[in-house]
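# Survey of secondary and tertiary structure
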Amino acid sequence: MELLSGIVTFLVGLLLRLGIPIGITALLIWILKRLDERWQIEAECERSGVRVGNPGCWEINQCPPERRESCDAYRHPEMPCWQFYRLRNHGQLLERCLSCKVFLSAPLSAST
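Residues numbered from 1 in each chain as written. Predicted model: local features only at pLDDT ≥ 70, side-chain atom pairs only at ≥ 80, totals over all residues. Heavy atoms only, no water.

### A look at the overall build of the protein chain
When helices and strands are tallied, the protein chain shows 5 helices and 0 strands. Moving toward the C terminus, one meets the helices and strands of the protein chain in the order α-α-α-α-α. Counting all 112 residues of the protein chain, 17% fall into the buried class. Long-range pairs, those at least 24 residues apart, make up 43% of the contacts in the protein chain with a sequence separation of at least 6. When the accessible surface of the protein chain is totalled, it reaches about 8900 Å², and 62% of it is carbon and sulfur. (Helix = DSSP H or I, 4+ residues; strand = E, 2+ residues; numbered from the N terminus. Buried < 20%, exposed > 50% of the residue type's maximum accessible area, 1.4 Å probe, protein only. Contact = heavy atoms within 4.5 Å. Areas by Shrake-Rupley, 256 points an atom, 1.4 Å probe, with all protein chains shown as cover.)

### Side note on the environment of Gln92
By the secondary structure assignment, Gln92 is in the loop between helix 4 (81–88) and helix 5 (101–105). Along the sequence, Gln92 and Trp82 sit 10 residues apart, while their C-alpha atoms lie 9.4 Å from each other.

### Some details on the nonpolar core
Ranked by internal contacts, the top residues of the largest apolar core, which has 13 residues, are Cys57, Cys71, Ala73, Cys81, Trp82, Tyr85 and Val102. Per-element accounting of this core gives the leading share, 4 residues, to helix 4. Discounting residues that sit within four places of it in the chain, Tyr85 has contacts with Cys71, Asp72, Ala73, Gln92, Leu94 and Arg96. (Core = buried A, V, L, I, M, F, W, Y, C linked by side-chain atoms within 4.5 Å.)

### Observations concerning helix 4
Looking at helix 4, one finds that the buried residues are Cys81, Trp82, Phe84 and Tyr85. Taken around the axis of helix 4, the buried residues stretch over an arc of 160 degrees, which confines them to a single face. Of the residues one or two after helix 4, His90 is the one with positive phi, at around 55 degrees. (Arc of directions from axis to C-beta.)

### Some words on the confidence of the model for the protein chain
The share of residues in the protein chain with pLDDT of 70 or more is 85%, and the mean pLDDT across the chain is 79. The secondary-structure element of the protein chain with the lowest mean pLDDT is helix 2 (residues 54–61), recorded at 65, while helix 1 (residues 2–47) shows the highest, at 88. (pLDDT = per-residue confidence, 0-100.)

### Topic: the environment of Ala106
Mapped onto the elements of the fold, Ala106 is located in the segment after helix 5. With relative accessibility at 9%, the residue Ala106 sits in the buried group. Once the C-alpha coordinates of Ala106 and Glu42 are considered, the two residues, 64 residues apart in sequence, prove to be 8.0 Å apart.

### Section: a nonpolar patch on the surface
Residues Met1, Leu4, Val8, Val12, Leu16, Ile20, Ile24, Leu27, Leu28, Trp30 and Ile31 make up a contiguous nonpolar surface patch of about 1100 Å² in total accessible area. Note that Ile31 resides in helix 1. (Patch = residues over 30% accessible without salt bridge, like charges linked within 9 Å, V, L, I, M, F, W, Y side chains within 5 Å. Salt bridge = Lys/Arg side-chain N within 4 Å of Asp/Glu carboxyl O.)

This is how it looks when you write it as structure tokens:
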């Protein structure tokens, strides 16, 4: 019985000494990879000259000129299109905004 207790104590100690630090390290690696992916997208947009906002959205989504001209958000270049629709729809985003590459790569705003 003492042998079993000793083995369990050893395994718990091993988990605490090795398992938790390895788990925290894996979590940090995952967070940093996501951050790097976001920075890569931002750098790609900068290199291609695409602004985050209406012109960038329309260029990336390849909207035809007639659709751009009929869209209210396109006529407001001072704010990104999803922000325009969010303000107009009482805080609700459009469904298509949730999967938009430009929206997903946009930096978070400090003011809401």
